[in-house]
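Below are the chains, spelled out letter by letter.
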Amino acid sequence: CQDVPEYARLIAQGEYDRALAAILHSNPLPGVTGYVCTHLCQTRCTRNNYDEPVLIRDLKRFATEQGSVTMPSPAQAERTVAVIGSGPSGLAAAYFLALNGIQVTIFETREMAGGMLAIAPHFRLPPGVVQEDIDRITGMGVEIRLGHRITAPPQALLNDGFDAVYIASGFQKDAVLGIEGMDGDGVFTALRFLEAVAEKKGPDGLKGIGASLGSRVLVIGGGNTAMDAARTAQRLTGKPATIVYRRTQAEMPAEEEELRDLFDEGNELIELASPSRVILKDGRVAALECVRNELGEPGPDGRRRPEPVAGSEFQIEADSIVLAIGQKPDITFLDGTDISLRRDGAVVTDAETARAADGVYAGGDVARGPAIIIEACSDGRQAAEAMCEQFGISFHPFPAQMSDLTDEELLEAKSARARKVAQHEPDLLPVAQRAGFNLVEQTLTEEAARAEAQRCLQCSAVCDKCVE
């Protein structure tokens, strides 16, 4: 849990170093979350009852870019922990363990750290921002071994001398459709596609078959990964990409701002369509055959089920298809262990401690299924606290200096802010200039950031009834 009013107040006062320290108290990835967090906190902001929520994510981004803190030096650790995976959850666990004097070694299969963060499109999350968060953590003594795939069970790491293991390997494999033609030239999976682009290989490096995207790209799926794939394809081809989704736009799990940018940039959506066959010509994608759907009764997730309409088959011409229908874990290294798995392959853990077996913990997507960054970070902190308890170490977060104002001073500041004030929104790169991978959403100016921070009602410290 972050003290948002605290760092908002410090930003408003121009105390950017202290604001960043307040964020780091409980957030190990302030740069990343300042750019791509789903900012659910803004739905709980008191100003929702009054006008518009404080732009919390944008304030975090501003504080991270303007503030500076000195991190603790690496400690001579008596305890060591192995972390499998360098995504948000693995990095978070390493951060909090290092803060408590524990030596951490992260094992990462890829040649770049960050997990899903490392393959995020640069127009949403610049790689330098991810690296700065990682550098802050490695500067505390955390070691990251890239290109090191774990194939043995966690017990092997414990036998090698590690005192505990944290599994944070994520859901790093694409789910696939079992329909005819999926093995054709020009069919890509979203994670491999985004990874190839992030590594600057381009789509030709995906399968070693010299495939190119062509000008007509279809993306199957409705989540944020599908949006990333479509917007990336549009930049590579210079032509609009088309999303094919089995429900309607109202049921799409993608974030509202992701959909806004998708359509602003000229991309298209075909609703209520389920793929049934990839049509190939000389082994190459030529079209996607789909069946029309209508929405039936709600399923377990509350969304209405798509039901096919008999005799409604139709074809969409295509040069390439990107499949973005979900992810699954690669946990073959757990074969033969006593670690329990759910039906979707996720690791079963204790709800209070993140413990999966003796000396073994798990969190992030590999334990909860595909989720958001803040949940992954929360799991990493929970596991770090449990490991500290296992080692007999008193757990401490980052030592931020918190509020030095009295309740009376906060109330005085609050009363001056309890008036309707419009959000100070960040500038967006004009659509006409989005042909490349330049960042779309800009950082707030200092003037806008301080003015936006002034909108915070400081309701964590005093009553918020005034807005009613």
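Remember, predicted model here, so these are calculated numbers, not experimental data.

## Some thoughts on the sheet that holds strand E1 (residues 80-84)
Reasoning step 1: A sheet is described by the order of its strands in space; here 6 strands give the open sequence E3-E2-E1-E4-E17-E16, paired in mixed fashion. Each edge of the sheet is formed by a strand with only one pairing partner; in this case those strands are strand E3 (143-145) and strand E16 (355-357). Ignoring which end each strand starts from, the neighbouring axes of this sheet average 25° apart.
Reasoning step 2: For E1 and strand E4 (residues 164-167), the ladder comprises 4 bridges, and the chain directions are parallel. Bridge pairing in E4 places Val83 opposite Tyr166.
Reasoning step 3: Along the sheet face, helix H5 (residues 88-99) touches E1, strand E2 (103-107), E3 and E4 and points at about 165° away from the line of E2.
Reasoning step 4: Packed on one face of the sheet, helix H12 (residues 373-391) meets E1, E4 and strand E17 (360-362) and runs near 170° to E4.

## Description of unusual backbone geometry
Reasoning step 1: A positive phi angle, near 50°, is found at Leu272, a position not held by glycine.
Reasoning step 2: Structurally, the position occupied by Leu272 is in the loop between strand E9 (268-270) and strand E10 (273-281).
Reasoning step 3: With a phi close to 55°, Asp282 is a non-glycine residue in the positive phi region.
Reasoning step 4: Note that Asp282 resides in the loop between E10 and strand E11 (284-298).

## Here's the deal with the confidence of the model for the protein
Detail in the predicted coordinates should be disregarded across regions flagged by low pLDDT.
Reasoning step 1: For the protein, per-residue confidence averages 92 on the pLDDT scale, and residues scoring 70 or more make up 92% of the total.
Reasoning step 2: This stretch, residues 205-211, has a pLDDT under 50; its non-local contacts, to residues over four places away or in other chains, come to 15 contacts.

## Points about the environment of Ser89
Reasoning step 1: Tracing the chain through its elements places Ser89 in helix H5.
Reasoning step 2: Owing to a relative accessible area of 5%, Ser89 belongs among the buried residues under this scheme.
Reasoning step 3: Along the chain, Ser89 and Ile374 lie 285 residues apart, while their C-alpha atoms are 8.7 Å from each other.
Reasoning step 4: Here the side chain of Ser89 touches Gly364 through a polar contact of 3.4 Å, landing on its backbone nitrogen.

## Let's talk about the nonpolar core
Reasoning step 1: Counting 49 residues, the largest nonpolar core has Val81, Tyr95, Leu125, Tyr166, Met387 and Phe398 as the members making the most contacts within it.
Reasoning step 2: Elements with a contribution of two residues or more to this core: helix H2 (16-24), helix H3 (30-36), E1, H5, E2, helix H6 (127-138), E4 and H12.
Reasoning step 3: In terms of residue count, the dominant contributor to this core is H5 (9 residues).
Reasoning step 4: In this structure, Phe398 is in contact with Ala21, Leu24, His25, Val69, Thr70, Met71, Pro72, Tyr95 and Leu99, ignoring residues within four places of it in sequence.
Reasoning step 5: Phe193, Ala230, Ala233 and Ala241 belong to the second largest nonpolar core, which has 25 residues in total.

## Some details on the pattern of salt bridges
Reasoning step 1: Applying the stated criterion across every chain yields a total of 32 salt bridges.
Reasoning step 2: In this structure, Asp51 engages Arg455 in a salt bridge whose closest nitrogen and oxygen atoms are separated by 3.3 Å. Residue Asp51 is found in the loop between H3 and helix H4 (56-66), and its partner Arg455 is found in the segment after helix H14 (446-454); the two are separated by 404 residues along the sequence.
Reasoning step 3: For Asp51, a relative accessible area of 24% corresponds to the partly exposed category.
Reasoning step 4: Glu375 is the partner of Arg368 in a salt bridge, and the nearest nitrogen-oxygen pair spans 3.7 Å.

## Describing the side chain of Thr38
Reasoning step 1: With respect to the secondary-structure elements, Thr38 resides in the loop between H3 and H4.
Reasoning step 2: If near-sequence neighbours (up to four positions away) are discounted, Thr38 is found in contact with Glu255 and Ile372.

## With respect to the packing of H2 against H4
Reasoning step 1: For the pair H2 and H4, the least separation of the axes is 8 Å and the interaxial angle reads 120°. Crossing of H2 against H4: the hand is left-handed. Note on element contacts: H4 touches H2 through Lys60, Phe62, Ala63, Thr64 and Gln66, opposite Tyr16, Asp17, Ala19, Leu20 and Ile23.
Reasoning step 2: Here the contact of H2 with H4 is composed, by residue class, of 6 nonpolar, 2 polar and 2 charged.

## As for the pairing of E10
Each regular strand carries side chains that alternate between the two faces of the sheet.
Reasoning step 1: Where E10 and E11 come together, 8 bridges link them in antiparallel fashion. The residue bridging Lys281 from the neighbouring strand is Arg284, located in E11.
Reasoning step 2: The antiparallel hairpin formed by E10 and E11 contains 2 residues in its connecting segment, where Asp282 sits at a positive phi of about 55°.

## Here's the deal with the side chain of Glu6
Reasoning step 1: Among the structural elements, Glu6 can be located in helix H1 (residues 4-12).
Reasoning step 2: By relative accessible area, Glu6 is classed as buried at 4%.
Reasoning step 3: At a separation of 3.2 Å, a polar atom in the side chain of Glu6 contacts the side chain of Arg9.

## Here we look at the sheet that holds strand E7 (residues 217-220)
Reasoning step 1: Strand order in this open sheet of 5 strands is E6-E14-E7-E8-E9, and the pairing throughout is parallel. Edge positions in the sheet fall to strand E6 (187-189) and E9, since each has one partner strand and no second. On average, each strand axis in the sheet is tilted by 25° relative to the strand beside it, whichever way the strands run.
Reasoning step 2: Relative to strand E14 (residues 320-323), E7 runs parallel, the two being bridged by 4 bridges.

## So, the packing of aromatic side chains
Reasoning step 1: In the structure shown here, the tally under the stated rule is 6 aromatic pairs.
Reasoning step 2: Here Tyr16 and Phe62 contribute two aromatic rings whose centre-to-centre distance is 5.1 Å and whose plane-to-plane angle is 90°, an arrangement assigned as edge-to-face. Residue Tyr16 is located in helix H2, and its partner Phe62 is located in helix H4; the two are separated by 46 residues in the primary sequence.
Reasoning step 3: A relative accessible area of 10% places Tyr16 in the buried class.
Reasoning step 4: Relative to Phe162, the ring of Phe107 has its centre 6.0 Å away and its plane inclined at 85°; by these criteria the two rings are edge-to-face. On the criterion of sequence distance, the pair formed by Phe107 in strand E2 and Phe162 in the loop between helix H7 (154-159) and E4 is long-range, its members being 55 residues apart. No difference in accessibility class separates Phe107 from Phe162, as the two residues are buried.

Criteria and thresholds
- Residues numbered from 1 in each chain as written.
- Predicted model: local features only at pLDDT ≥ 70, side-chain atom pairs only at ≥ 80, totals over all residues.
- Heavy atoms only, no water.
- Pairing = 2+ DSSP bridges.
- Helix = DSSP H or I, 4+ residues; strand = E, 2+ residues; numbered from the N terminus.
- Axes fitted to C-alpha atoms, helices over the stretch in contact; angles between N-to-C directions.
- Contact = heavy atoms within 4.5 Å.
- pLDDT = per-residue confidence, 0-100.
- Buried < 20%, exposed > 50% of the residue type's maximum accessible area, 1.4 Å probe, protein only.
- Polar contact = N/O pair within 3.5 Å; in protein donor to acceptor, adjacent residues only side chain to side chain.
- Core = buried A, V, L, I, M, F, W, Y, C linked by side-chain atoms within 4.5 Å.
- Salt bridge = Lys/Arg side-chain N within 4 Å of Asp/Glu carboxyl O.
- Left-handed = near helix turned anticlockwise from the far one by under 90°.
- Nonpolar A, V, L, I, M, F, W, Y, C, P; charged D, E, K, R; others polar.
- Phe/Tyr/Trp six-rings, centres within 6.5 Å; stacked < 30°, edge-to-face > 60°.

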